[in-house]
Amino acid sequence: MRLHLPGNWKSLARQMEPVPTIGTWLRRDGLGPRVYIAESLVAVVSAHLEHDTSREHGGFLLGKIVHPEGDDQATESVVRDCVACPMASGSLHHLTLGPECWQKVYRYEKASDRQLMIVGWYHSHPGMPLRPSARDEFIQRHFFAEPWQLAWICDPLAGTHEFYAMRNGFITAITNVGLEHSPQHE
Ligand SMILES: [Zn+2]
């Protein structure tokens, strides 16, 4: 697996703190929304995005929203599953999740008994900067506008990645990301 989590995972691993209700997470700056991603999902998404780096690929992220203890207003996104969309039209510089992709994720959501919701989308920027393109920002603003809805952008060639979400009207990098080792609240 070439996708590291995060890019400077080794130095961050020393800062890991246990969160009893969720698992283990990394506090990077303590600001902004928190994201947890199931450890097992990293390999699944990596494999999908590494299989073809000649163009962008992607899909949906599914999971749950939780409120951190003592703060009903704040939300944390817990990503536990994904729906790959090989039918999404893409090139080296863009990816479009068309109606057939949305149909696939809605069907999957309905058929699944895990009661997970769409918490965002992921896609590759092979050999390209991780920053969202203007089109990515458009997609985020119109389809994933909630602060807990994520854009996970990965460069499968460099093994780097970044999470983003809308914050104060702009697509903004999330620096508060952790791994969920074993889901406890299915
Ligand atoms: Zn993009």
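See the structure shown above.
Everything quoted here is computed from the prediction, not taken from an experiment.

**A short note on the overall build of the chain**
Secondary structure assignment for the chain yields four helices and twelve strands. For the chain, with 186 residues in total, the buried portion stands at 37%. When contacts within the chain are restricted to residue pairs at least 6 apart in sequence, long-range pairs at least 24 apart make up 68% of them.

**Topic: the environment of Cys82**
Mapped onto the elements of the fold, Cys82 is located in strand β5 (residues 76-84). Along the chain, Cys82 and Leu61 lie 21 residues apart, while their C-alpha atoms are 4.5 Å from each other. In contact with Cys82, other than residues within four places in its own chain, are Leu41, Val44, Val45, Gly59, Phe60, Leu61, Leu62 and Tyr122.

**Thoughts on the sheet that holds β5**
Two pairing modes exist for strands in a sheet, parallel and antiparallel, and in both the strands are linked by backbone hydrogen bonds. In space, the eight strands of this open sheet follow the order β11-β10-β9-β8-β4-β5-β3-β12, with mixed pairing throughout. A single partner strand is all that each edge strand has here, and the edge strands are β11 (170-174) and β12 (177-180). On average, each strand axis in the sheet is tilted by 35° relative to the strand beside it, whichever way the strands run. Looking at chain direction, strand β10 (residues 160-167) and β11 are connected through five bridges and run antiparallel. Bridge pairing in β11 places Met166 opposite Ile171.

**Some words on the pairing of strand β8 (residues 117-124)**
Burial of β8 is extensive: six of the eight residues sit out of reach of the surface. Relative to β8, strand β4 (residues 58-66) is paired through six bridges, and the arrangement is antiparallel. Bridging from a neighbouring strand, Leu61 pairs with Gly120 of β8. Note that β8 and strand β9 (residues 150-155) share five bridges and pair parallel.

**Things to note about the environment of Gly58**
Note that Gly58 resides in strand β4. Along the primary structure Gly58 and Ala88 are separated by 30 residues, whereas in three dimensions their C-alpha atoms are 7.5 Å apart. Each residue touching Gly58, except ones within four places of it in the same chain, is listed here: Cys85, Ala88, Leu95, Leu97, Trp121, Tyr122, His123 and Ser124.

**Re the pairing of β5**
The buried fraction of β5 is high, at eight of nine residues. With four bridges connecting them, strand β3 (residues 34-38) and β5 associate as parallel partners. For Val35, the partnering residue across the bridge sits in β5 and is Ser77. As defined by bridge partners, β4 adjoins β5 across eight bridges and the pair is classed as antiparallel.

**A short note on unusual backbone geometry**
Phi at Gln115 takes a positive value of approximately 55°, unusual for a residue other than glycine. You can see Gln115 is positioned in the loop between α3 (99-111) and β8. Note on Gln115: 9 C-beta atoms within 10 Å, which makes it exposed. Even without being glycine, Asn168 reaches a positive phi, approximately 50°.

About the cut-offs
- Residues numbered from 1 in each chain as written.
- Predicted model: local features only at pLDDT ≥ 70, side-chain atom pairs only at ≥ 80, totals over all residues.
- Helix = DSSP H or I, 4+ residues; strand = E, 2+ residues; numbered from the N terminus.
- Buried ≥ 20, exposed ≤ 12 C-beta atoms within 10 Å, placed from the backbone.
- Contact = placed C-beta atoms within 7 Å.
- Pairing = 2+ DSSP bridges.
- Axes fitted to C-alpha atoms, helices over the stretch in contact; angles between N-to-C directions.

Remember, this is a structural readout, not a statement about activity or role.
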